[in-house]
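Geometric and topological summary
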Amino acid sequence: MSASNSHLQVDSGLLSPSWYEASARQRVDGLLDAGSFDEFIGPAERETSPHLSLFNLPQQFDDGMIVGRGRLDGKTVFIAAQEGRFMGGSFGEVHGAKLTGLLRAARDLGSVPVLVLFDTGGVRLQEANAGELAIAEIMRAVIEARLAGVPVIGLIGGRAGCYGGGGLIAGCCSALAVSEQGRISVSGPEVIETNRGVEEFDSKDRALVWRTMGGKHRRLIGGADRFADDSLAGFRAAASALLAHVPPMQVETLVAEQRRLEQRLQQFGGSEDAIDIWRSLGISEPASIPGMAYDDFAELVASLKEVRHDAR
Amino acid sequence: MEHLNYRHIVQRRAAGTSKLAIVGVVASGNLEVLAERLLPDNECEVDINTAAEGFGEVWQAVVADFVERRASGGVRLSINDGGARPDMVALRLAQAVRALEGEQA
């Protein structure tokens, strides 16, 4: 592993404080202490996809995955960021290998936390087998890092959301922060509609998509551990808060997670819609949730007990 | 895919001392430009990989206009193109040398 390109200049993120709008590189720069980012296998090394040219498709110099080391509040962290605008942030062979390598380095060192800035639709279809393998390798590497005492924190609030294998990897993390714009799921809206019909899920119904997979819903049912404001500063604060308290990964953790998920299914399994779930959580005006401002929603979350758990 | 390469002898060296800059993204109608300060001060090279074939003349004109307007000496610009229009290409090229110049006003 070599640190290189430490003087790489990028277009400034100052005009784009929104996390959702920012590029992957702007997110990395905005999240970490100023000037502390040191990229591994940067774009000048041209470690590009070996598959895309077979399909007459253009490559990107970093294959849509930026990995490196930096500091957050003065403490060293590893960081990985997906560029959701390049092929939907999809996991290809090189893209995945960069994250696997970073997680294995974190496992071997045992003392440097990992931040994963998800922005992905899942596996890259043009390199499907390599991409599926990458997802499996990354999930294993996340668990191995956590067993070695390394927190792996996922941050989700990008354009592509966190879907497919990205949703599976997120489920393996120590903790997740999500913004209102973030979406977490495995099958995306269009996939569900294609396979099960529009009666099952209307992918054009944006309100339905957001209240089923969006950040507020994921936070309310305990799928994400922190609700972040959609800004570089908001995600920086969320990452700091999550890193401050990461429970150890033990067999008891997995047993507690299994119990939590069983209870969730029992409690909400009969609900037809997210609004029914919110009502059964004891929220008096569930229909007002989607329109709620960040501060009001954060206050509401703090008053609910379902969102607090020691599983994962 | 089509590969194009243009080399120009230029008058002015690109300002600043940064060695490396990257701007843009490979997406529909967009492109990424990697700027590397690798060449003699009076040379500029633009290397292009594009999925849109048959637009060599347009690329040649946009690159010639860029080296005419901007101080780009010493820089190799490598482009991965996702089918950007000429105006977008011109803006990204300008943005790349600007990023290489650093924080100067």
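Structure: see above.
Each value, and the rule that gives it
- Residues numbered from 1 in each chain as written.
- Chains lettered and ligands numbered in written order.
- Predicted model: local features only at pLDDT ≥ 70, side-chain atom pairs only at ≥ 80, totals over all residues.
- Helix = DSSP H or I, 4+ residues; strand = E, 2+ residues; numbered from the N terminus.
- Rg over C-alpha atoms; globule rule 2.2 N^0.38 Å.
- Buried ≥ 20, exposed ≤ 12 C-beta atoms within 10 Å, placed from the backbone.
- Contact = placed C-beta atoms within 7 Å.
- Pairing = 2+ DSSP bridges.
- Axes fitted to C-alpha atoms, helices over the stretch in contact; angles between N-to-C directions.
- Nonpolar A, V, L, I, M, F, W, Y, C, P; charged D, E, K, R; others polar.
- Core = buried A, V, L, I, M, F, W, Y, C linked by C-beta atoms within 7 Å.

1. Observations concerning the overall build of chain A
Across its full length, chain A holds 11 helices and 8 strands. For chain A, the C-alpha radius of gyration of 19 Å lies close to 20 Å, the compact-globule estimate for 312 residues. Seen along its three principal axes, the alpha-carbon backbone of chain A occupies a region of about 55 × 45 × 40 Å. The burial tally for chain A puts 48% of its 312 residues in the buried class. Considering only contacts in chain A between residues 6 or more positions apart, those separated by 24 or more positions represent 73%.

2. Overview of the environment of A:Ala302
Residues and elements named next belong to chain A. Checked against the element boundaries, Ala302 lands in helix α11 (residues 294–302). For Ala302, a count of 10 C-beta atoms within 10 Å gives the class exposed. Between the alpha carbons of Ala302 and Val209 there is a distance of 24 Å; along the sequence they are 93 residues apart.

3. Observations concerning the sheet that holds strand β1 (residues 9–10) of chain A
Strands sit in the order β1(A)-β2(B)-β3(B)-β5(B)-β4(B)-β1(B) across an open sheet of 6 strands; the sheet is mixed. Among the strands making up the open sheet, the edge pair consists of β1 of chain A together with β1 (2–9) of chain B. For strand β3 (residues 31–37) of chain B and strand β5 (residues 75–81) of chain B, the ladder comprises 7 bridges, and the chain directions are antiparallel. Each bridged residue has a counterpart across the sheet, and for B:Ala35 the counterpart in β5(B) is B:Leu77. Of the strands in this sheet, β1 and β4 (43–50) of chain B touch helix α1 (residues 56–69) of chain B, which is tilted by about 30° from β1(B).

4. Topic: the interface of chain A and chain B
Between chain A and chain B, the contact holds 19 residues from the first and 23 residues from the second. Looking at side-chain class alone, the side of chain A that touches chain B contains 8 nonpolar, 8 polar and 3 charged residues. Bridging between β1(A) and strand β2 (residues 20–24) of chain B involves 2 bridges; their strand directions are parallel. Paired with A:Gln9 across the two strands is B:Ala21, which belongs to β2(B).

5. Focus on the nonpolar core
Formed by 64 residues in total, the largest nonpolar core has its most connected members in A:Val114, A:Leu155 and A:Ala177. When residues in this core are grouped by element, the largest group, 7 residues, is from helix α3 (residues 128–147) of chain A. Beyond its immediate stretch of four places on either side in the chain, A:Ala177 contacts A:Leu155, A:Ala224, A:Asp225, A:Arg226, A:Ala228, A:Phe235, A:Ala238, A:Ala239 and A:Leu242. In terms of nonpolar packing, the next biggest core, distinct from the first, is built from 34 residues, B:Ile22, B:Leu77, B:Ala84 and B:Ala96 among them.

6. Digging into the environment of A:Arg140
All names here are of chain A. Position of Arg140 relative to the elements: it lies in helix α3. The exposure class assigned to Arg140 is partly exposed, which follows from the 14 C-beta atoms found within 10 Å. In this structure the C-alpha to C-alpha distance between Arg140 and Leu103, which are 37 residues apart in sequence, comes to 9.5 Å.

7. Here we look at helix α1 (residues 24–31) of chain A
Note on helix geometry: an α-helix contains 3.6 residues per turn, so any two residues three or four positions apart are oriented the same way. Residue and element names in this part refer to chain A. Burial within α1 is extensive, with 8 of its 8 residues counted as buried. For α1, the full list of buried residues reads Ala24, Arg25, Gln26, Arg27, Val28, Asp29, Gly30 and Leu31. Along its buried surface, α1 packs onto β1, β3 (65–72), β4 (75–82), β5 (114–118) and α8 (232–244).

8. Details of the sheet that holds strand β8 (residues 226–228) of chain A
Across a sheet, paired strands are connected by hydrogen bonds in the backbone, their directions being either parallel or antiparallel. Residues and elements named next belong to chain A. Taken in spatial order, the 7 strands make up an open sheet running β2-β3-β4-β5-β6-β7-β8, and their pairing is mixed. Each of the sheet's edge strands pairs with one partner strand only, and the pair in question is β2 (38–40) and β8. Ignoring which end each strand starts from, the neighbouring axes of this sheet average 25° apart. The pairing of β3 with β4 spans 8 bridges and is antiparallel. Pairing of Val67 across the sheet is with Ala80, part of β4.

Bear in mind that shape data such as this cannot, by itself, settle questions of function.
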